[in-house]
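Residues per chain are reported as follows:
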Amino acid sequence: MPKKIRFQLALADGTKAGSLEALKKHFDLESVISYYNNGDLLTWLRDRNIEAEADAVEALDATAPDFQEKLCTIFGAAYVGPIDMEELASRQKRIERLRKYTDDDAIIKNIDSVAFDQEELADLLDADLKEIYLCGDNFTIPVSLKGKTYIGVNQPHIRISGKSQEQELSGINVIDCIIDSAKKESEK
C-alpha cells in the first residue's frame, strides 16, 4: 500500500503546521477558518488520526453565532474577536484566482496588494501602497505617482499616463510588465 502524503497547514506567521502541537502553538483563526471552509482542516486532522478534534470540527455548524469561539476552543486558542466571514470568503476567492497565474507564496501573501483590473489598481493607489502586483491584461499607471513599484504577475501590458515618454518612468519601478508606448496606445 503506498504511503499517504500528508500536507501541512500554512499559517499566518509562516509556520507550516504538521502536528497538532504546531497548529495550537501558531494558531490563527483566519487561516483555520479558511481550512475549515475548504475541508482541508478535517482532512488534515483525520490524516493524522487526531480523532477527538476531528469529530469536534465535524460537529461544528459554521452558521452558528458562536462558531468561531467553538473553533478556537477545540484547539485551546484564545478567541480574540470575530472574523468577517464574507470578507474572508472574498479574500479566498481572490487567492484562488491569483493561484491560476502563480504559486509564489510571496505574491499570495500580498493578496491585498494585487490589482486584477484598473478599478482595483485605483483603490490600491488611493491606499498609497508602495508595491503593487498587477494580474490582468491592461493597466494604466499615472506618471504623477512616484515611488511606486509595479510587479506583473502574468506580464500585463501597462501604459504610463502623463508626461512624455522620456520622463514617464522616472521614479517608477516596473517589473515583469510589458510597457506599451503612448504612440501604440493612441493607434489602437
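Scroll up for the structure.
The following refers to the structure shown. Note that the coordinates shown come from a computational prediction; the quantities given were computed from them, not determined experimentally. (Residues numbered from 1 in each chain as written. Predicted model: local features only at pLDDT ≥ 70, side-chain atom pairs only at ≥ 80, totals over all residues. Heavy atoms only, no water.)

1. What about the overall build of the protein chain?
Thought 1: When you go through the protein chain residue by residue, the secondary structure sums to ten helices and nine strands.
Thought 2: A globule of 188 residues ought to have a C-alpha radius of gyration of about 16 Å, yet the protein chain, at 21 Å, is considerably larger.
Thought 3: Expressed as a percentage of the 188 residues in the protein chain, the buried residues total 38%.
Thought 4: Total accessible area on the protein chain is roughly 11200 Å²; 48% of this is exposed by carbon and sulfur atoms.
Thought 5: Charge separation in the protein chain, taken as the distance between the mean sites of 24 positive and 35 negative side-chain charges, equals 5 Å. (Helix = DSSP H or I, 4+ residues; strand = E, 2+ residues; numbered from the N terminus. Rg over C-alpha atoms; globule rule 2.2 N^0.38 Å. Buried < 20%, exposed > 50% of the residue type's maximum accessible area, 1.4 Å probe, protein only. Areas by Shrake-Rupley, 256 points an atom, 1.4 Å probe, with all protein chains shown as cover. Lys, Arg positive; Asp, Glu negative; His and termini not counted. Charge placed at Lys NZ, Arg CZ, Asp CG, Glu CD.)

2. A word on unusual backbone geometry
Thought 1: For Asp128, which is not glycine, the phi dihedral falls at a positive 60°.
Thought 2: In this fold, Asp128 is placed in the loop between α8 (118–126) and β4 (131–134).
Thought 3: Unlike most non-glycine residues, Gln155 shows phi in positive territory, near 50°.
Thought 4: Along the chain, Gln155 turns up in the loop between β6 (148–152) and β7 (157–161).

3. Quick notes on the layout of surface pockets
Thought 1: In this structure, the largest pocket occupies an estimated 720 Å³ of space.
Thought 2: Around the largest pocket, the lining is made up of 25 residues, and of these Ala10, Tyr35, Ile95, Arg99 and Ile108 lie nearest the centre.
Thought 3: Elements supplying a minimum of two residues to the lining of the largest pocket: α2 (29–38), α6 (85–99) and α7 (105–109).
Thought 4: The element contributing the most residues to the lining of the largest pocket is α6, with six residues. (1 Å grid on protein atoms, 1.4 Å probe; cavity = no way out; pocket = protein on both sides within 12 Å on 5 of 7 lines; lining within 4 Å. Points joined across faces, edges and corners; volume = space filled by probe spheres on them.)

4. Some words on the sheet that holds β4
Thought 1: Overall, parallel pairing links the four strands, which are arranged β3-β4-β6-β8 in an open sheet. The sheet is open, and its two borders are formed by β3 (114–115) and β8 (172–175), each paired with just one other strand.
Thought 2: For β3 and β4, the ladder comprises two bridges, and the chain directions are parallel. Opposite Ala115, over in β4, you have Leu134 as the bridge partner. (Pairing = 2+ DSSP bridges.)

So far we have only geometry, and geometry alone does not tell us how the molecule works.
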